[in-house]
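Residue strings, one per chain:
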Amino acid sequence: MASKFCFLFAVLVFVCLLHSSSSTIVSHDGRAITINGVRRIIQSGSIHYPRSTPEMWPDLIRKAKEGGLDAVETYVFWNIHEPSRRQYDFTENRDLVRFIKTIQNEGLYAVLRIGPYVCAEWNYGGLPIWLHNMPGIEIRTVNTVYMNEMQNFTTLIVDMLKEENLFASQGGPIIIAQIENEYGNVMGQYGDAGKQYLDWCAHLAESQHVGVPWIMCQQSDAPQPMINTCNGFYCDQFEPSNPNTPKMWTENWTGWFKNWGSKDPYRTAEDVAFAVARFFQLGGTFQNYYMYHGGTNFGRTAGGPYITTSYDYNAPLDEYGNLNQPKWGHLKQLHQSLKSIEKILTYGNISTTDLGNFVSVTNYTFNGTTSCFFGNANSTNDAVVTTQGGRQLTVPAWSVSILPDCEHEVYNTAKVNTQTSVMVQTPSKAEDEPASLTWSWKPEKLDQTIRLGKGHFSVNMLLDQKTAANDASDYLWYITNVHLDSNDPIWSDDMILHVNATGQVIHAYVNGRYIGSQWATYGVTQYSFDKKIKLNVGKNLIALLSVTVGYQNYGPKYDLIPNGIPGPVQLIGSRGDEKVIKDLSSHKWTYKVGLHGLDKHLYDEKSSWQVEDLPTNRMMTWYKTIFKAPLGEAPVVVDLQGLGKGLAWVNGHSIGRYWPSFKSEEDGCNLDACDYRGSYYSDKCDHNCGQPTQRWYHVPRSWLNDDENTLVLFEEFGGNPSLVNFQTVVVGTACGHAYEGNTLELSCEGRPIKAIQFASFGDPQGTCGSFEKGNFEGSKDALKVINNACVGKETCSLEVSEAIFGTANCDNTEKKRLAVQIAC
């Protein structure tokens with residue numbers, strides 16, 4: 001018995017020792033996050049697991065690691081995991097555990113932002129709509145109903161991850177967790193209850209005992225031990241409210257989101273790098289790119305309302321996972337420069353000297369070694385500074401130079417030494433694929449609704465769409481009957497149907513006939529639909545189809561913003577100069593959630609459809625076609641030009657809402673290259689004016705079959721499917737521009753370099769697509785040198801030096817550059 005006890009005791013000791021040896025101690029002091037007692041510089045990037053597919057995750061995370069990141073950050077999206085109360089879903093691209101383990105397999109840390117409110121331009125801010133419909137609930141404030149649900153979900157997530165040993169304290173990759181999200185931006189609207197709720201959130205977080213620090217972003221009064229962090233385009237001036245917490249930046253906005261009707265946002269690599277370098281110059285030690293990969297809002301996940309299906313965000317990895325160059329490469333080089341002085345940045349003494357005219361120098365000194373940042377925040381004028389050794393250094397306007405030894409510049413944020421890739425969509429090269437797709441079709445069956453008035457339930461009032469539809473569909477029918485006799489005071493030949501709407505789109509039918517549609521634009525939460533109508537003596541049926549394009553995801557008490565048809569709904573008649581109004585708002589209204597084709601799962605139906613008399617520009621029509629997957633491994637997109645608005649599925653997978661007929665504004669785009677200098681704002685460098693907001697839609701490779709595939713469209717507005725085609729997204733051309741002393745890497749990302757279209761070593765002029773030789777050149781033929789080094793290869797590296805390209809006939813003080821353009 002004693003020997004058995006000793007054996008069990010030995011096993012217990014072994015297990016405890018094994019656990020302690022594999023666990024990671026994550027903490028912090030006033031300077032940095034510490035890992036096993038060592039202060040760390042942490043570069044992180046947001047990759048949201050449901051905005052890609054499990055098959056994409058390894059490649060995305062590997063590219064994040066290659067780009068110099070230490071961690072991957074993600075929100076946890078409550079509404080996809082608990083779509084109905086106490087019914088959970090962690091399958092496919094909702095598999096949070098698999099995603100965290102994929103991060104772990106690549107040797108990176110994870111930052112888990114549980115929220116569970118997330119904003120994120122995600123439908124309803126990530127909260128499930130059924131919360132809204134719970135009796136007595138108030139969201140994001142002191143309310144027992146809401147707090148019980150939030151606690152249940154938060155604990156569910158934490159316990160699930162604990163069971164898989166995924167927190168750092170268990171040997172897992174998760175080093176930081178977040179509770180709530182940007183509550184400080186809206187807390188004032190909740191009064192004293194807001195502060196009480198905040199304290200409760202902190203207590204809830206601590207009670208989970210995850211063994212890693214908790215953060216609260218945009219929360220200057222974060223209760224201890226929560227760490228307050230910053231979100232924004234720039235956070236260099238941010239100072240944590242608690243001197244014992246490090247300077248952390250949880251959302252460095254690498255670009256911006258798109259809404260239907262907007263132009264394409266663009267933030268330069270130089271400006272993002274400037275913001276990051278400036279942050280670390282002034283004492284920052286943790287920063288996270290929001291987004292590093294934006295991805296796609298599949299299905300009905302886009303919020304806003306009016307957020308597009310694409311969530312590219314102009315991030316370092318584009319929507320499909322391609323490198324967005326030069327942003328990815330320029331930031332990679334910045335990360336390498338900062339990592340090389342990590343010890344000095346986290347342990348050194350800091351002193352900053354103002355040199356005037358928005359120019360400053362910051363010295364970090366540790367154990368007799370000094371590293372320097374020269375920062376020039378002047379948006380127009382370059383600065384000439386003097387190093388400690390007396391060397392003259394030009395720091396361009398709106399840039400930061402990093403000098404690890406305070407003498408030699410290894411990186412400047414305005415000097416891009418990486419390639420610029422020009423991505424193109426190329427026609428599908430599927431085997432035996434015909435030149436155009438063959439379509440079949442079915443009409444959406446409307447008669448039961450618009451002629452017979454049948455629905456799911458009826459009440460004597462107008463209901464909010466969140467209440468009536470419970471987020472089961474974008475589509476909700478509001479149906480009522482109106483009985484008029486010939487002596488009714490409102491009767492006239494000049495009657496108007498007036499509808500006050502807060503849904504994004506409304507389609508109106510009277511007595512089975514379509515009378516018109518109307519839709520709002522981004523930022524408009526209420527509008528009026530007014531249409532002249534003809535009614536019958538006796539019974540009349542009015543059917544209004546309200547369509548959402550995502551629910552509100554941000555703002556104080558955003559959950560109370562109405563959606564659908566709040567009313568009034570009125571008939572307005574005229575008798576001479578007098579107006580007569582009949583208010584229908586309190587009539588008996590019948591509600592039908594969804595559409596017939598959605599109920600019947602036409603997007604996944606195998607039966608044959610009609611092929612004759614294919615209609616075009618016909619509202620409420622279903623289309624189907626068979627296609628073969630494009631050859632190769634490049635990302636696949638479907639070009640939906642020619643269509644109106646609707647929903648699309650490939651092999652039963654929803655690729656999201658489409659709306660190519662919604663064009664961006666004609667004005668506001670500048671054809672000149674974007675000037676990186678000066679503060680960035682979301683529409684500073686917009687492009688794509690007057691074009692479809694989104695024309696191409698991502699089709700993940702893992703959703704495609706090797707043989708036949710099915711594309712199904714529900715066309716709501718009316719369009720012509722004959723122009724629809726599948727394409728791949730590849731690097732068309734790439735341009736490199738690098739300064740002497742650097743190495744320029746050129747790549748066609750998986751395809752061979754076909755030709756060198758331009759090359760010059762000296763002082764080449766112009767930009768990608770319009771390079772010209774300058775006033776002096778290296779003695780060797782740069783075109784020939786690069787042709788021999790690169791053509792036929794997928795990647796090549798070029799040392800930018802006179803040893804490779806020959807002595808240039810110029811003053812040796814001139815800084816020489818290499819410019820190259822390649823065809824892929």
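Residues numbered from 1 in each chain as written. Predicted model: local features only at pLDDT ≥ 70, side-chain atom pairs only at ≥ 80, totals over all residues. Heavy atoms only, no water.

### Observations regarding the overall build of the protein chain
Alright, step 1. For the protein chain, the helix and strand inventory stands at 15 helices and 41 strands.
Alright, step 2. Scaling as 2.2 N^0.38, a compact globule of 824 residues should have a C-alpha radius of gyration of about 28 Å, and the protein chain matches this with 30 Å.
Alright, step 3. Once the C-alpha set of the protein chain is aligned to its principal axes, its extents read approximately 100 × 80 × 65 Å.
Alright, step 4. Scored against the burial criterion, the 824 residues of the protein chain give a buried share of 58%.
Alright, step 5. In the protein chain, 74% of the contacts between residues at least 6 apart in sequence involve partners at least 24 apart.
Alright, step 6. Approximately 33000 Å² of the protein chain is accessible, and the part contributed by carbon and sulfur atoms is 49%.
Alright, step 7. Within the protein chain, the 86 negative side-chain charges are centred at a point lying 3 Å from the centre of the 67 positive side-chain charges. (Helix = DSSP H or I, 4+ residues; strand = E, 2+ residues; numbered from the N terminus. Rg over C-alpha atoms; globule rule 2.2 N^0.38 Å. Buried < 20%, exposed > 50% of the residue type's maximum accessible area, 1.4 Å probe, protein only. Contact = heavy atoms within 4.5 Å. Areas by Shrake-Rupley, 256 points an atom, 1.4 Å probe, with all protein chains shown as cover. Lys, Arg positive; Asp, Glu negative; His and termini not counted. Charge placed at Lys NZ, Arg CZ, Asp CG, Glu CD.)

### Structural notes on the packing of helix 8 (residues 269–281) against helix 9 (residues 327–339)
Alright, step 1. Across the interface, helix 8 lies against helix 9 with an axial gap of 9 Å and an inter-helix angle of 20°. Between helix 8 and helix 9, the angle falls in the class roughly parallel. Of the two elements, helix 8 crosses helix 9, and the hand of that crossing is right-handed. Of the residues in helix 9, those touching helix 8 at Ala269, Glu270, Val272, Ala273, Val276, Ala277 and Phe280 are Lys327, His330, Leu331, Leu334 and Leu338. (Axes fitted to C-alpha atoms, helices over the stretch in contact; angles between N-to-C directions. Parallel < 35°, antiparallel > 145°, perpendicular 65-115°, else oblique. Left-handed = near helix turned anticlockwise from the far one by under 90°.)

### Here's the deal with helix 6 (residues 144–163)
Alright, step 1. A rise of 1.5 Å per residue sets the reference length of helix 6, with its 20 residues, at 28 Å; its end C-alpha atoms lie 28 Å apart and thus fit the reference within 8%.
Alright, step 2. Regarding helix 6, the residues found buried are Tyr146, Met147, Glu149, Met150, Phe153, Thr154, Ile157, Val158, Met160 and Leu161.
Alright, step 3. The N-cap residue of helix 6 is Asn143: its side-chain oxygen and the backbone nitrogen of Val145 are 3.2 Å apart.
Alright, step 4. Residue Asn165 follows helix 6 closely and has a positive phi angle near 55°. (Expected span 1.5 Å × (residues − 1). Polar contact = N/O pair within 3.5 Å; in protein donor to acceptor, adjacent residues only side chain to side chain.)

### Describing the pattern of salt bridges
Alright, step 1. One pass over the structure, following the stated rule, counts 37 salt bridges.
Alright, step 2. One salt bridge in this structure joins Lys101 and Glu164, with 2.7 Å as the shortest N-O distance. Taken as a pair, Lys101 in helix 4 (residues 96–105) and Glu164 in the loop between helix 6 and strand 7 (174–179) lie far apart in primary sequence, 63 residues in all.
Alright, step 3. Overall, the relative accessible area of 34% leaves Glu164 in the partly exposed class.
Alright, step 4. The partner of Glu802 in a salt bridge is Lys816, with the nearest N and O atoms 3.6 Å apart. Linking Glu802 in helix 15 (residues 802–805) with Lys816 in the loop between helix 15 and strand 41 (817–823), this pair joins segments that are 14 residues apart in sequence.
Alright, step 5. One network of salt bridges, with partners in common, ties together Arg40, Asp70, Lys339 and Glu342. (Salt bridge = Lys/Arg side-chain N within 4 Å of Asp/Glu carboxyl O.)

### As for helix 4
Alright, step 1. Looking at helix 4, one finds that the buried residues are Leu96, Val97, Phe99, Ile100, Thr102 and Ile103.
Alright, step 2. Elements that come into contact with the buried residues of helix 4 comprise strand 4 (42–47), helix 2 (57–66), strand 5 (71–75), strand 6 (109–115), helix 6 and strand 7.
Alright, step 3. The first or second residue beyond helix 4 is Gly107, which carries a positive phi of 80°.

### Re the nonpolar core
Alright, step 1. Core analysis: the biggest nonpolar cluster contains 126 residues, and Ile100 and Leu161 have the highest contact counts within it.
Alright, step 2. With 82 residues, the next largest nonpolar core counts Val499, Leu535, Leu545 and Leu643 among its residues. (Core = buried A, V, L, I, M, F, W, Y, C linked by side-chain atoms within 4.5 Å.)

### A word on the environment of Gly321
Alright, step 1. Within the secondary structure layout, Gly321 lies in the loop between strand 11 (286–293) and helix 9.
Alright, step 2. For the pair Gly321 and Ile61, spaced 260 residues apart in sequence, the C-alpha separation works out to 9.8 Å.
Alright, step 3. With sequence-adjacent residues up to four places away left out, Gly321 is seen in contact with Asp59, Leu60, Lys63 and His293.

### A word on the state of the cysteines
Alright, step 1. Within the structure shown, the criterion is met by seven disulfides.
Alright, step 2. Across a sulfur-sulfur distance of 2.0 Å, Cys735 and Cys768 are joined as a disulfide pair. Residues Cys735 and Cys768 are joined by a disulfide whose S-S torsion is about 65°; by sign, that bridge is right-handed. Of this pair, Cys735 sits in strand 37 (residues 725–739) while Cys768 sits in the loop between strand 39 (755–762) and helix 14 (782–790), and the two are 33 residues apart along the sequence. (Disulfide = S-S within 2.5 Å.)

### Some words on the confidence of the model for the protein chain
Alright, step 1. Taken as a whole, the protein chain shows an average pLDDT of 94; of its residues, 96% reach a score of 70 or greater.
Alright, step 2. Scored below 50 in pLDDT, residues 4–21 makes two contacts in the model with residues more than four places away or belonging to other chains. (pLDDT = per-residue confidence, 0-100.)

### Brief notes about the sheet that holds strand 34 (residues 653–658)
Alright, step 1. Sheet architecture is open: five strands sit in the order 20-31-36-33-34, paired in antiparallel fashion. The sheet is open, and its two borders are formed by strand 20 (439–443) and strand 34, each paired with just one other strand. In this sheet, adjacent strand axes meet at a mean angle of 20° when their direction is disregarded.
Alright, step 2. Of the pairings in the sheet, the one linking strand 33 (residues 646–650) to strand 34 comprises five bridges and is antiparallel in character. (Pairing = 2+ DSSP bridges.)

### As for the sheet that holds strand 22 (residues 475–484)
Alright, step 1. Here we have six strands laid out as an open sheet, ordered 21-30-22-27-24-25, and antiparallel in their pairing. Edge positions in the sheet fall to strand 21 (457–459) and strand 25 (513–519), since each has one partner strand and no second. For this sheet, the mean angle separating the axes of adjacent strands, direction not counted, is 20°.
Alright, step 2. Pairing of strand 21 with strand 30 (residues 589–593), which is carried by three bridges, proceeds in the antiparallel orientation. Looking across to strand 30, one finds that Ser458 is bridged to Thr590.

### Details of the pairing of strand 10 (residues 248–253)
Alright, step 1. Across the six residues that make up strand 10, a large majority, six, are buried.
Alright, step 2. As defined by bridge partners, strand 9 (residues 227–232) adjoins strand 10 across three bridges and the pair is classed as parallel. Bridged to Cys230 within strand 10 is Trp249.
Alright, step 3. As a crossover connection, the stretch from strand 10 through helix 8 into strand 11 is right-handed. (Right-handed = clockwise from strand over helix to strand, strands pointing away.)

### Digging into the packing of aromatic side chains
Alright, step 1. According to the stated counting rule, one finds 51 aromatic pairs in the structure shown.
Alright, step 2. Taken together, a centroid distance of 5.8 Å and an interplanar angle of 75° make the contact between Tyr49 and Phe77 edge-to-face. Residue Tyr49 is found in the loop between strand 4 and helix 2, and its partner Phe77 is found in the loop between strand 5 and helix 3 (78–81); the two are separated by 28 residues along the sequence.
Alright, step 3. By relative accessible area, Tyr49 is classed as buried at 0%. (Phe/Tyr/Trp six-rings, centres within 6.5 Å; stacked < 30°, edge-to-face > 60°.)

### Section: the side chain of Ser310
Alright, step 1. Within the element layout of this structure, Ser310 appears in the loop between strand 11 and helix 9.
Alright, step 2. Overall, the relative accessible area of 9% leaves Ser310 in the buried class.
Alright, step 3. Of the polar contacts made by the side chain of Ser310, one reaches the side chain of Glu319; its length is 2.9 Å.
Alright, step 4. Residues within four places of Ser310 in sequence aside, it is in contact with Gly295, Asn297, Glu319 and Gln694.

### What about the environment of Asp667?
Alright, step 1. Following the sequence through the fold, Asp667 ends up in the loop between strand 34 and strand 35 (696–699).
Alright, step 2. Expressed as a C-alpha distance, the spacing of Asp667 and Thr387, which sit 280 residues apart in the sequence, is 46 Å.

### Looking at the side chain of Glu716
Alright, step 1. Within the secondary structure, Glu716 sits in the loop between strand 36 (708–715) and strand 37.
Alright, step 2. Of note is the side chain of Glu716, whose polar atom sits 2.7 Å from the side chain of His507.
Alright, step 3. Leaving out residues up to four positions away in the same chain, Glu716 has contacts with Tyr475, Val505, His507, Val547, Met619, Met620, Lys645 and Gly646.

### Quick look at unusual backbone geometry
Glycine aside, the phi torsion of most residues is negative, and most peptide linkages are trans.
Alright, step 1. With omega at 5°, the peptide bond leading from Gln224 into Pro225 counts as cis.
Alright, step 2. Tracing the backbone through its elements, the reader meets Pro225 in the loop between strand 8 (214–217) and strand 9.
Alright, step 3. Of note, the amide linkage connecting Gly304 to Pro305 takes the cis form, showing an omega dihedral of 0°.
Alright, step 4. Assignment of secondary structure puts Pro305 in the loop between strand 11 and helix 9.

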